[in-house]
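Close look at the chain arrangement
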Amino acid sequence: FPARLKQVRKARGLTQKALGVRIGFDVSSADSRMNHYETGRHLPDYDVAKKLADELDVPVAYFFCDSDEMADLLMSFHKLTTEQRKKVQEFINAQKQAD
């Protein structure tokens, strides 16, 4: 969680404080709370993780992927249109049936 949060926050050009404030943390504690999440001192509850994901435009599951490969796959899927997602799902289902 911590590394992925920090990576995507920086990619979006946000400071810890700015991201914390954008998801509703008090201005006086936003940077320290975000720092705790990024260093792994604390993990946010699901509601906060969801707010972070929504603000950063990533699926909440992205933060919890076990591998970079899975994280990349999840992000690629997330960026697809609804129609493209349906096609990917159809392809996967066809592959499962072929096995």
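Thresholds applied
- The residue count restarts for each chain, going from 1 along the sequence in the order it is written.
- Whole-chain, interface and lining totals are the exception, using all residues; otherwise, since this is a predicted model, local features are given only for residues with pLDDT of at least 70 and side-chain atom pairs are given and counted only at 80 or more.
- The side-chain quantities take in all heavy atoms of the structure and omit both hydrogens and water.
- Working definition: helices are DSSP H or I runs of at least four residues, strands are E runs of at least two. Numbering for both runs from the N terminus.
- Two things to know: the radius of gyration comes from C-alpha atoms, and the globule rule equals 2.2 Å times the number of residues to the power 0.38.
- Burial classes: relative accessible area under 20% of the type maximum marks a residue as buried, over 50% as exposed, and values in between as partly exposed (1.4 Å probe, protein chains only).
- Here, residues are in contact when the closest pair of their heavy atoms is within 4.5 Å.
- Every accessible area reported is derived by Shrake-Rupley at a probe size of 1.4 Å, with residue values counting cover from the shown protein chains alone.
- In this count, Lys and Arg are taken as positive residues and Asp and Glu as negative ones, while His and the chain termini are left out.
- For this purpose, a charge sits on NZ of Lys, CZ of Arg, CG of Asp or CD of Glu.
- Should a side-chain nitrogen of Lys or Arg be within 4 Å of a carboxyl oxygen of Asp or Glu, the pair is scored as a salt bridge.

1. Examining the overall build of the protein
- Tallying secondary structure elements over the protein gives 6 helices and 0 strands in all.
- Along the chain direction, N to C, the helices and strands of the protein fall in the order α-α-α-α-α-α.
- For the protein, whose C-alpha radius of gyration is 16 Å, the value lies well above the compact-globule estimate of 13 Å for 99 residues.
- By principal-axis analysis of the C-alpha atoms, the protein measures approximately 55 × 25 × 20 Å.
- The 99 residues of the protein split such that 29% are buried.
- Long-range pairs, those at least 24 residues apart, make up 44% of the contacts in the protein with a sequence separation of at least 6.
- Only carbon and sulfur atoms are counted for the fraction: they give 51% of the accessible area of the protein, which is about 6600 Å².
- Distance between charge centroids for the protein: 5 Å, based on 16 positive and 15 negative side chains.

2. What to know about the pattern of salt bridges
- Across all of its chains, the model carries 4 salt bridges by this definition.
- Of the charged contacts in the structure, one is a salt bridge between Glu55 and Arg22, with a shortest N-O distance of 2.8 Å. Of the two residues, Glu55 is situated in helix H4 (residues 46-56) and Arg22 in helix H2 (residues 16-22); the sequence distance between them amounts to 33 residues.
- Taking the shortest distance from any N to any O, the salt bridge between Lys50 and Asp54 comes out at 2.8 Å. Residue Lys50 and its partner Asp54 are located together in helix H4, separated by 4 residues, close to a single helical turn.

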